[in-house]
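# Close look at the chain arrangement
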Amino acid sequence: MTQPATPARQEGPLLDGGGPGSGKSASGGGDGSPWSARLFRADVRTLSLIGVLVGLALIGGLTKPDAFLATSNVQLILTQASVIGVVTVGMTFVITSGGIDLSVGAIVALASVWATTVATQEYGFAGILFTAVIVGLGCGLVNGVLIAYGGMVPFIATLAMLASARGLALQITEGKTQMVTIPSVLDLGERDAYLLGIPPLVLVFAAVTVIGWLVLNRTTFGRRTVAVGGNAEAARLAGIDVRRQRLYLYLLSGLCCGIAAFLLIVLAGSGQNTNGNLYELDAIAAAIIGGTLLSGGRGTVTGSVLGVLIFITIQNIFALNNLESATQQIAKGAIIVAAVLVQRRTSHTP
């Protein structure tokens, strides 16, 4: 009775644009096959994003050469990209599976304020890190249970978590900023902690990115994620526990939010209920820009990271040139629309 392994083979052509993934498609891997065509498009997509990033760097270098090309500014761009970048890696997995998580920004806020209470700080560095991660995992667990086993639509479940987490964060802080007093935490944001000129936050971001890429492209978990997003019913017939997989994915998203919350605590030196504002939109936008299909079935950690860097670089250029934030938001919206239109064209190309 349990032989339907064929549907799972559909996942092969849909893996990360950064590499061929962890399995071959049922159609084979020869020249002219659908696998080869999709891999070629993935490479073009990645190279296009790199080209956009290089173009932005040229614009920044031409408009504000001294400020933009300064080492301190490059470090600033990478540091700012680290927090939202970690969130985006988790979001990429969720979207690849055909889900969505609107609560990531609120979870970051809740984790950051819970981890910076006076009671938590009594346990030092380990207490802050542990609390941030556990709160993120707890929120992810609630989302996962409601969606996978409660049958709730991801949009509604995570929207409810967004409201609840924001409200709880406000209740904990009473609208006040909670300052961090642990030197070992604050020291991570100082230049003395840089390793070969690289901020520790960037190193954490790089590690999360590499692990995320490996998990999505080189593990059974990644293949199952793509299979669930491509066709959940086919994945179920192939023997994949779809509900458990979705639970794990929202746990992963919560874990990334917890890590991001700790990075934000280091960066800001405090916890606030306003932390992570609109992170959900930025993470979704970066993933879509990078080539992850909003409908699921294809995800690329490489592209998502490049999408984050593109958005942060745009913000940096706008700030250096004293342009209004409204113009920046308009530009971001235009980029998202353009990316979705390109996706529609490429996704219907055989």
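## Structural notes on the confidence of the model for the protein
Of the residues in the protein, 85% reach a pLDDT of 70 or more, and the chain-wide mean stands at 86. No element of the protein has a lower mean pLDDT than helix H15 (residues 325-347), which averages 73, and none a higher one than helix H12 (residues 242-268), which averages 97. This stretch, residues 1-15, has a pLDDT under 50; its non-local contacts, to residues over four places away or in other chains, come to 33 contacts. This model gives residues 17-30 a pLDDT under 50, and the stretch forms 41 contacts once residues within four places in sequence are excluded.

## Focus on unusual backbone geometry
Although it is not a glycine, glutamate 174 sits at a positive phi angle of roughly 55°. Using a relative accessible area of 60% as the deciding quantity, one classes glutamate 174 as exposed. Of note in the backbone geometry, asparagine 322 takes a positive phi value of approximately 55° without being a glycine. Overall, asparagine 322 belongs to the exposed group, its relative accessible area being 68%.

## Quick notes on the layout of surface pockets
Empty space left among the atoms is revealed by rolling a probe the size of a water molecule over them. In this structure, the largest pocket spans a volume of roughly 500 Å³. Forming the walls of the largest pocket are 22 residues, and the residues nearest its centre are Asp282, Ile312, Gln315, Gln328 and Lys332. Of all elements in the fold, only helix H3 (71-96), H12, helix H13 (279-290), helix H14 (301-320) and H15 reach the threshold of two or more residues within the lining of the largest pocket. Looking at the lining of the largest pocket element by element, the count peaks at six residues for H14.

## Here we look at a nonpolar patch on the surface
Where nonpolar side chains cluster on the molecular surface, the patch consists of Val142, Leu146, Met152, Val153, Phe155, Ile156 and Leu159 and spans about 550 Å² of accessible area. Mapped onto the nonpolar patch, the elements with two or more residues apiece are helix H6 (124-149) and helix H7 (154-173). Here the nonpolar patch gets three residues from one element, more than from any other, and that element is H7. Mapped onto the secondary structure, phenylalanine 155 falls in helix H7.

Rules of the game
Residues numbered from 1 in each chain as written. Predicted model: local features only at pLDDT ≥ 70, side-chain atom pairs only at ≥ 80, totals over all residues. Heavy atoms only, no water. pLDDT = per-residue confidence, 0-100. Helix = DSSP H or I, 4+ residues; strand = E, 2+ residues; numbered from the N terminus. Contact = heavy atoms within 4.5 Å. Buried < 20%, exposed > 50% of the residue type's maximum accessible area, 1.4 Å probe, protein only. 1 Å grid on protein atoms, 1.4 Å probe; cavity = no way out; pocket = protein on both sides within 12 Å on 5 of 7 lines; lining within 4 Å. Points joined across faces, edges and corners; volume = space filled by probe spheres on them. Patch = residues over 30% accessible without salt bridge, like charges linked within 9 Å, V, L, I, M, F, W, Y side chains within 5 Å. Areas by Shrake-Rupley, 256 points an atom, 1.4 Å probe, with all protein chains shown as cover. Salt bridge = Lys/Arg side-chain N within 4 Å of Asp/Glu carboxyl O.

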